Amino acid sequence: MAEELALLVADVFEAAGALRRAGEALAGAEGQTQARWQLMSVVSEESLPVARAARRLGVARQGVQRIANDLVRDGLAEFQDNPDHRTSSLLALTPSGRRALEAITARAETAHRAMGEGIAQADLATLRALLRRLTEQTDQWAEAEAEAGTGAGTGAEAGGAKRGTRSRAATARLPE
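Residues numbered from 1 in each chain as written. Predicted model: local features only at pLDDT ≥ 70, side-chain atom pairs only at ≥ 80, totals over all residues. Heavy atoms only, no water.

(A) How the structure looks around the overall build of the chain. Each helix and strand counted, the chain has seven helices and three strands in total. Moving toward the C terminus, one meets the helices and strands of the chain in the order α-α-β-α-α-β-β-α-α-α. Counting across all 176 residues of the chain, residues that qualify as buried make up 31%. Intrachain contacts of the chain at a sequence separation of at least 6 include 55% that bridge at least 24 residues. On the chain, roughly 11,200 Å² of surface is accessible, and the fraction owed to carbon and sulfur atoms is 53%. (Helix = DSSP H or I, 4+ residues; strand = E, 2+ residues; numbered from the N terminus. Buried < 20%, exposed > 50% of the residue type's maximum accessible area, 1.4 Å probe, protein only. Contact = heavy atoms within 4.5 Å. Areas by Shrake-Rupley, 256 points an atom, 1.4 Å probe, with all protein chains shown as cover.)

(B) Looking closely at the sheet that holds strand E3 (residues 90-93). The strand order across the open sheet built from three strands is E1-E3-E2, with neighbouring strands paired in antiparallel fashion. Two strands lie at the open edges of the sheet, namely strand E1 (48-49) and strand E2 (77-80), each paired on one side alone. Bridging between E2 and E3 involves four bridges; their strand directions are antiparallel. Residue pairing across strands places Gln-80 opposite Leu-90, the latter belonging to E3. (Pairing = 2+ DSSP bridges.)

(C) Expanded view of the pairing of E3. Going residue by residue along E3, you find Leu-90 and Ala-92 tucked away on one face and Leu-91 and Leu-93 tucked away on the opposite face as well. Two strands pair when backbone bridges link them, and E1 and E3 are joined in this way by two bridges, in the antiparallel orientation. Bridge pairing in E3 links Pro-49 to Leu-90.

(D) Looking closely at the pattern of salt bridges. Using the criterion set out here, one finds six salt bridges in the structure. With a closest N to O distance of 2.5 Å, Arg-107 and Glu-30 form a salt bridge. Of this pair, Arg-107 sits in helix H5 (residues 95-115) while Glu-30 is found in the loop between helix H1 (2-28) and helix H2 (34-42), placing the two residues 77 residues apart along the sequence. Here Arg-107 falls in the partly exposed class, since its relative accessible area comes to 37%. The exposure class assigned to Glu-30 is partly exposed, which follows from its relative accessible area of 29%. (Salt bridge = Lys/Arg side-chain N within 4 Å of Asp/Glu carboxyl O.)

(E) The arrangement of the nonpolar core in detail. The biggest cluster of nonpolar side chains holds 27 residues, and the ones touching the most others in it are Trp-37, Leu-39, Met-40, Val-43, Ala-53, Val-64 and Leu-71. Those elements that provide at least two residues to this core are H1, H2, helix H3 (50-57), helix H4 (61-73), E3 and H5. (Core = buried A, V, L, I, M, F, W, Y, C linked by side-chain atoms within 4.5 Å.)

(F) Representation of the environment of Ser-96 within the structure. Topologically, Ser-96 is positioned in helix H5. Taking C-alpha positions, Ser-96 is 9.4 Å from Asp-74, a pair spaced 22 residues apart along the chain. Setting aside anything within four residues of it in sequence, one finds Ser-96 in contact with Gly-75 and Leu-76.

Following this line, the structure appears as structure tokens:
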């Protein structure tokens with residue numbers, strides 16, 4: 001069991017790398033990066049503080065802040081007042097940002113159809129369920145290790161991004 005899981009982990013890392021490269025190509029075709037695509041996707045349904053967007057992506061706030069500032073500078077996003085917190089602005093897409101996200105998402109949908117060709121929808125659903133279960137069990141293990149003080153799961157890695165909150169278009173990690 002442990003050996004098969006180790007092989008699966010290697011396969012997942014390899015798949016993540018291939019998907020990350022594909023994501024960079026998709027976003028790059030629209031003049032964006034995958035990191036910018038992910039952040040635009042996360043704030044596309046509701047404006048969020050940068051810290052919350054970072055938690056949803058499972059990455060450091062500082063890296064997300066830099067990308068948010070770049071999106072604002074380029075007119076793809078804007079900071080809005082946060083009625084719940086005076087010092088933590090909300091990041092929101094501008095109409096230009098929505099158009100950029102829609103263009104990347106359309107490219108991704110076409111790519112996903114090609115990538116998934118020949119794979120049964122039921123197989124994909126089963127694989128997703130198993131990966132979610134493995135992720136949950138891994139997070140639980142890391143949290144238990146952190147509580148036990150072994151240092152194996154600490155900080156953001158222990159809790160990870162809140163499950164079920166991933167954006168529609170973005171799934172990989174932001175580079176920092």
